[in-house]
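# Residue-level structural notes
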Amino acid sequence: MKRREGTIAALFAVSMLVGCNDAKKTESVELKLEGDWKLAAGSQSSVCFAEMKFHENPTSDRDPLSVHETTGNFTQIWFGEYEKEGNNIRVILHEPKAEPFIMAADRSGNELKLQYEWKSADLVCSYQRD
């Protein structure tokens, strides 16, 4: 009898652990980036990308993006790809070529906060949907 109770207790414990593990997986929300984002007026850094466009490519792990770097009256548009890794975005710029870098992302509604290093500057930038 004790053996049966021990087996039932063990099965119960395993099912609880599996249930808790599945609950954690469903709690994490996928970071949705697709669309056009413009630098918010209250952004902490003036050298942030002025605009970012995230697109979706369902046939690849990497999705296309463009970033707009504005200095005075000149805007340089960079084209490349990005990969989402949890709340991090790995950016690979191809045209013109640049070293890949990571952006830490936090999205709340229509606001996207990004932390990244660009041209030796540590940036904290806030964007809003265009």
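Residues numbered from 1 in each chain as written. Predicted model: local features only at pLDDT ≥ 70, side-chain atom pairs only at ≥ 80, totals over all residues. Heavy atoms only, no water.

## Some details on the environment of Ala-104
Structurally, Ala-104 can be placed in strand β6 (residues 101–108). Using a relative accessible area of 30% as the deciding quantity, one classes Ala-104 as partly exposed. Ala-104 has contacts with Asn-87, Asn-88, Lys-113, Leu-114 and Gln-115, leaving out every residue within four places of it along the chain. (Helix = DSSP H or I, 4+ residues; strand = E, 2+ residues; numbered from the N terminus. Buried < 20%, exposed > 50% of the residue type's maximum accessible area, 1.4 Å probe, protein only. Contact = heavy atoms within 4.5 Å.)

## Side note on the state of the cysteines
This model, assessed by the stated rule, comprises one disulfide. Between the sulfur atoms of Cys-48 and its disulfide partner Cys-125 the distance amounts to 1.9 Å. On the sign convention where negative means left-handed, the S-S torsion of about -85° between Cys-48 and Cys-125 marks this disulfide as left-handed. In this pair, Cys-48 is assigned in the loop between β1 (35–39) and β2 (51–54) and Cys-125 in strand β8 (residues 121–129), connecting sequence segments 77 residues apart. Cys-125 carries the same exposure label as Cys-48, and that label is buried. (Disulfide = S-S within 2.5 Å.)

## A closer look at the sheet that holds β2
Read around the closed barrel, the eight strands follow the order β1-β2-β3-β4-β5-β6-β7-β8; overall the barrel is antiparallel. Averaged over all adjacent pairs, the angle separating strand axes in this sheet is 30°, with direction ignored. (Pairing = 2+ DSSP bridges. Axes fitted to C-alpha atoms, helices over the stretch in contact; angles between N-to-C directions.)

## Observations concerning the packing of aromatic side chains
Considering all chains together, one arrives at six aromatic pairs under this definition. Among the aromatic residues, those joined into a cluster by ring pairs are Phe-49, Trp-78, Phe-101, Tyr-116 and Trp-118. (Phe/Tyr/Trp six-rings, centres within 6.5 Å; stacked < 30°, edge-to-face > 60°.)

## Brief notes about the confidence of the model for the protein
Taken as a whole, the protein shows an average pLDDT of 82; of its residues, 77% reach a score of 70 or greater. Ranking the helices and strands of the protein by mean pLDDT puts strand β5 (residues 88–95) first, with 96, and helix α1 (residues 2–27) last, with 48. Across residues 16–28 the pLDDT falls below 50, and counting only partners more than four positions away or on other chains, this stretch makes zero contacts in the model. (pLDDT = per-residue confidence, 0-100.)

## A word on unusual backbone geometry
In this model, Glu-95 is joined to Pro-96 through a cis peptide bond whose omega is -10°. Its place among the elements puts Pro-96 in the loop between β5 and β6. Located in the positive-phi region is Lys-119, a residue other than glycine, with phi close to 55°. Assignment of secondary structure puts Lys-119 in the loop between β7 (111–118) and β8. Overall, Lys-119 belongs to the exposed group, its relative accessible area being 57%. Unusually for a residue other than glycine, Ser-120 sits at a positive phi of about 65°. The residue Ser-120 is located in the loop between β7 and β8 in this model.

## Some words on the side chain of Glu-83
As for its position among the elements, Glu-83 is in strand β4 (residues 74–85). A residue is classified by how much of its surface remains accessible, and Glu-83, at 17% relative accessible area, is buried. Ignoring anything within four residues of it in the chain, the contact list for Glu-83 reads Asp-61, Arg-62, Asn-88, Ile-89, Arg-90 and Ile-92.

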